[in-house]
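Examination of the molecular architecture
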Amino acid sequence: MQQHLVAFAVNVQLAESLLDSDIPAATKLLQEMRRDVQQALSDASQLAERIYAPLLGDGGFAAALRSAAVGAGVPASVEVSGDSNYPPEIVHTVYSCWVEALEDRRTATAAALTVREQAGRLTFEIALDAARPDDWVERLRDRVEALGGRLTVESQLGRGVRVCGSLPLAR
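Since the structure is predicted, the reported quantities are computational estimates derived from the model, not experimental observations. (Residues numbered from 1 in each chain as written. Predicted model: local features only at pLDDT ≥ 70, side-chain atom pairs only at ≥ 80, totals over all residues. Heavy atoms only, no water.)

1. Observations regarding the overall build of the protein
- Helix and strand content of the protein: 6 helices and 5 strands.
- When the helices and strands of the protein are read in sequence order from the N terminus, they spell out α-α-α-α-β-α-β-β-α-β-β.
- Here the protein, with 171 residues, has 35% of them falling under the buried criterion. (Helix = DSSP H or I, 4+ residues; strand = E, 2+ residues; numbered from the N terminus. Buried < 20%, exposed > 50% of the residue type's maximum accessible area, 1.4 Å probe, protein only.)

2. Structural notes on the layout of surface pockets
- Size it by volume and the second largest pocket reaches roughly 190 Å³.
- His-4, Phe-8, Asp-36, Val-37 and Ala-40 are the residues nearest the centre of the second largest pocket, which is lined by 10 residues in total.
- Only α1 (2-21) and α2 (23-51) provide two or more residues apiece to the lining of the second largest pocket.
- Per-class residue counts for the lining of the second largest pocket are 5 nonpolar, 3 polar and 2 charged. (1 Å grid on protein atoms, 1.4 Å probe; cavity = no way out; pocket = protein on both sides within 12 Å on 5 of 7 lines; lining within 4 Å. Points joined across faces, edges and corners; volume = space filled by probe spheres on them. Nonpolar A, V, L, I, M, F, W, Y, C, P; charged D, E, K, R; others polar.)

3. Re the side chain of Thr-93
- Turning to its location among the elements, Thr-93 is positioned in helix α5 (residues 88-102).
- The class for Thr-93 is buried, based on a relative accessible area of 3%.
- Non-local contacts of Thr-93, meaning those with residues more than four positions away in its chain, are made with Arg-143, Val-144, Leu-147 and Leu-167. (Contact = heavy atoms within 4.5 Å.)

4. Some thoughts on the confidence of the model for the protein
- Put simply, the protein has an average pLDDT of 80, and 80% of its residues get 70 or more.
- Element-level pLDDT for the protein is lowest in helix α3 (residues 54-57), with a mean of 56, against a maximum mean of 91 in strand β3 (residues 121-128). (pLDDT = per-residue confidence, 0-100.)

5. Observations regarding the sheet that holds strand β1 (residues 76-80)
- Spatial strand order, β1-β2-β3-β5-β4: 5 strands in an open sheet with mixed pairing. Each having just a single partner strand, β1 and β4 (150-156) make up the two edges of the open sheet. Each neighbouring strand pair of the sheet contributes to a mean axis angle of 10°, computed without reference to strand direction.
- Examined bridge by bridge, strand β2 (residues 111-118) and β3 share 8 bridges and lie antiparallel to one another. By the bridge assignment, Gln-118 is partnered in β3 with Arg-121.
- Against the sheet, helix α4 (residues 61-72) touches β1, β2 and β3, its axis set at about 170° to β1.
- Contacts between helix α6 (residues 136-146) and the sheet are confined to β3, β4 and β5 (160-168), with β4 contributing the most and set at about 155° to the helix. (Pairing = 2+ DSSP bridges. Axes fitted to C-alpha atoms, helices over the stretch in contact; angles between N-to-C directions.)

6. Here we look at the packing of aromatic side chains
- Tallying each qualifying case throughout the model produces 1 aromatic pair.
- Taking 6.1 Å as the distance between ring centres and 80° as the angle between the ring planes, the aromatic pair formed by Phe-61 and Tyr-86 counts as edge-to-face. Of the two residues, Phe-61 sits in helix α4 while Tyr-86 sits in the loop between β1 and α5, which places them 25 residues apart along the sequence. With respect to class, Phe-61 is no different from Tyr-86; both count as buried. (Phe/Tyr/Trp six-rings, centres within 6.5 Å; stacked < 30°, edge-to-face > 60°.)

7. Overview of the nonpolar core
- Residues Trp-98, Phe-124 and Ile-126 are the most contacted members of the largest nonpolar core, which totals 35 residues.
- Broken down by element, this core gets its largest block of residues, 9 residues, from α5.
- Aside from chain neighbours lying at most four places away, what touches Phe-124 is Val-94, Cys-97, Leu-113, Thr-114, Val-115, Val-144, Leu-151, Val-163, Cys-164, Gly-165, Ser-166 and Leu-167.
- Judged by nonpolar contacts, the second largest core, of 5 residues, contains Ala-15, Ala-26, Leu-29 and Met-33. (Core = buried A, V, L, I, M, F, W, Y, C linked by side-chain atoms within 4.5 Å.)

Structural data, given as C-alpha cells:
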C-alpha cells in the first residue's frame, strides 16, 4: 500500500506541472489518479475487514463467516453450532483461517466450514476442493498455536484439502 501512496504523490506533482503546459494530459492523469484512489480505498477497506470484520462484533460469528464467503465469491457452506459468545481472539483466529482459505481461490471453487464447541475447545474444519494448500496454512498454524491450539492439514490428490483446528476456550 505504501508503494501506491508514493506513486500517487509523484503523480500529483506531475499533474500540477502539466496543468500549465498540457491540460489534456493533466486531465487524463487526474482521471487515472481518481481510479487509483478508488482502488486504494477498496483495498484499504478489504484489509480493514480482514483485520477485524465489523460483523464479528455486530452481526455475530456465523454471519461474519458467511459474509466472508460471499465476499470472496466462493460457493461455500458454513455451519456453526454452540454458543457464539467465544473469546474475541478465538473468534478472530477462526475467522482469519476461513478468510485465508477462501482467498486460495486460484485453485478452490467450493469450500465448507464447520465450527463446533467440544470439551472446552472450539474446533473447526475447513474443506476446500483445491488441489493443494498454499503457504497460508503455515501462517495460520503459527497463529493457532500461539493461542495453545493445533492445526492439521490433509491434502489428497483429487479429494481436496482439509484443514482442522482446535483452540482452547479457557486458558
